[in-house]
Amino acid sequence: MTPTITAFARSPDRGRGLARDMRVRWALEEVGQPYDVRLVSFAEMKAPAHLARHPFGQIPTYEEGDLVLFESGAIVLHVAETRPGLLPDDAKARACAITWMFSALNTVEPPIIDREMAKLTERDKSWHTERLPILEDRVRVRLGELSGRLGNADWLDAAFSAGDLLMVSVLRRLGGSSLLEEFPNLRAYVARGEARPAYQRAFNDQLAVFTASQPGA
Ligand code: GTB
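Rules used in this analysis
Residues numbered from 1 in each chain as written. Predicted model: local features only at pLDDT ≥ 70, side-chain atom pairs only at ≥ 80, totals over all residues. Heavy atoms only, no water. Pairing = 2+ DSSP bridges. Helix = DSSP H or I, 4+ residues; strand = E, 2+ residues; numbered from the N terminus. Axes fitted to C-alpha atoms, helices over the stretch in contact; angles between N-to-C directions. Contact = heavy atoms within 4.5 Å. Parallel < 35°, antiparallel > 145°, perpendicular 65-115°, else oblique. Left-handed = near helix turned anticlockwise from the far one by under 90°. Nonpolar A, V, L, I, M, F, W, Y, C, P; charged D, E, K, R; others polar. Near = heavy atom within 4 Å. Polar contact = N/O pair within 3.5 Å; in protein donor to acceptor, adjacent residues only side chain to side chain. Areas by Shrake-Rupley, 256 points an atom, 1.4 Å probe, with all protein chains shown as cover. Domains from an automatic or database assignment. Buried area = accessible area lost by both parts, 1.4 Å probe. Salt bridge = Lys/Arg side-chain N within 4 Å of Asp/Glu carboxyl O.

1. Brief notes about the sheet that holds strand β1 (residues 4–8)
Here is step 1 of the chain: With mixed pairing, the four strands of this open sheet are ordered in space as β2-β1-β3-β4. Every interior strand has two partners, whereas the edge strands, β2 (36–40) and β4 (67–70), have only one. Taken pair by pair, the neighbouring strands of this sheet meet at an average axis angle of 25°, ignoring direction.
Here is step 2 of the chain: Note that β1 and strand β3 (residues 61–64) share two bridges and pair antiparallel. Its bridge partner being in β3, I5 is matched across the sheet by Y62.
Here is step 3 of the chain: Sitting on the sheet, helix α4 (residues 72–82) is in contact with β3 and β4, with an inclination near 130° to β4.

2. Re the packing of α4 against helix α5 (residues 91–121)
The description of two packed helices rests on the angle between their axes and on the distance between the axes.
Here is step 1 of the chain: Following both chains from N to C, one finds α4 and α5 inclined at 160°, their axes separated by 11 Å at the closest point. Classed by the angle they form, the pair α4 and α5 counts as roughly antiparallel. Two packed elements cross with a definite hand, and for α4 against α5 that hand is right-handed. Together, G73, V76, L77, A80 and E81 of α4 and R94, I98, M101 and L105 of α5 make up the contact between the two elements.
Here is step 2 of the chain: Considering only residue class, the contact of α4 with α5 consists of six nonpolar, one polar and two charged.

3. Topic: the site of the ligand
Here is step 1 of the chain: In the vicinity of the ligand, 14 residues are found, and the nearest of them are R20, K46, I59, E71 and S72.
Here is step 2 of the chain: Within the contact set of the ligand, an oxygen atom lies 3.0 Å away from a side-chain nitrogen or oxygen of Q58.
Here is step 3 of the chain: Between the ligand and I59 there is a distance of 2.8 Å, counted from a nitrogen atom to a backbone nitrogen or oxygen.
Here is step 4 of the chain: About the coverage of the ligand: the protein hides 77% of its 680 Å² of free accessible area.
Here is step 5 of the chain: When the residues that make up the shell around the ligand are grouped by side-chain class, the tally is seven nonpolar, two polar and five charged.

4. Section: the domain arrangement of the protein chain
Here is step 1 of the chain: Under the domain assignment, the protein chain is made up of domain 1 (4–85 + 198–213) and domain 2 (91–196).
Here is step 2 of the chain: The gap between the C-alpha centroids of domain 1 and domain 2 is 21 Å.
Here is step 3 of the chain: Its largest share of buried area at the contact with domain 2, domain 1 owes to R23, W26 and Y199, together 37% of the area lost on that side.
Here is step 4 of the chain: At the junction of domain 1 and domain 2, the tally comes to three salt bridges.

As structure tokens, this is what we get:
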């Protein structure tokens, strides 16, 4: 059965692949699973039909028969557990890869989002110039730790896994900031992820949605 995911009809990231449908698209491409996309407007995301799929009225969601999932991490884990290609067969190696999935979402992404939100929503506050460096330092600490662990390796464990897919997706949110540039091995790690054919297909598909949403397209 072909799964259906949801994505922004008009992504605020203007096709940069930063919305969280990108990581789900990438996972589906890695395992060679074709999928359909239901594009939703902001109004549709908060309407009953979508709220039945996603209690918080967000994207992405994933439907496959009577299975309905939300949370990009849970969706990527489901894809990785039900198709070969994103998790090792060996039980211990699999547990390690899943650990990296959780650490991408629970340990690395939160400080990145805190910084992003501060830049987006707190610029007019009197304390913004004092708070921003604090948030940047929190990101820098995490990046330093991750950089130290990755070292010269290509991937976090022996082979590319769903852990790398989520970690690269999370680090991409720093694109355009000098923070990632401070850690050349992490910058190269992100570039390696982005060079994967499955990533490229996923990126181009979400970019095509943005391009088609432009006036005159
Ligand atoms: N924890 C959930 C998950 O991982 O699936 C978070 C889902 C989420 O935040 N979804 C966002 C959403 O639906 C889109 S991805 N927001 C609408 C709402 O909450 O009403 C977050 C996102 C949005 C925009 C950019 N951007 O413009 O760069 C990047 C990321």
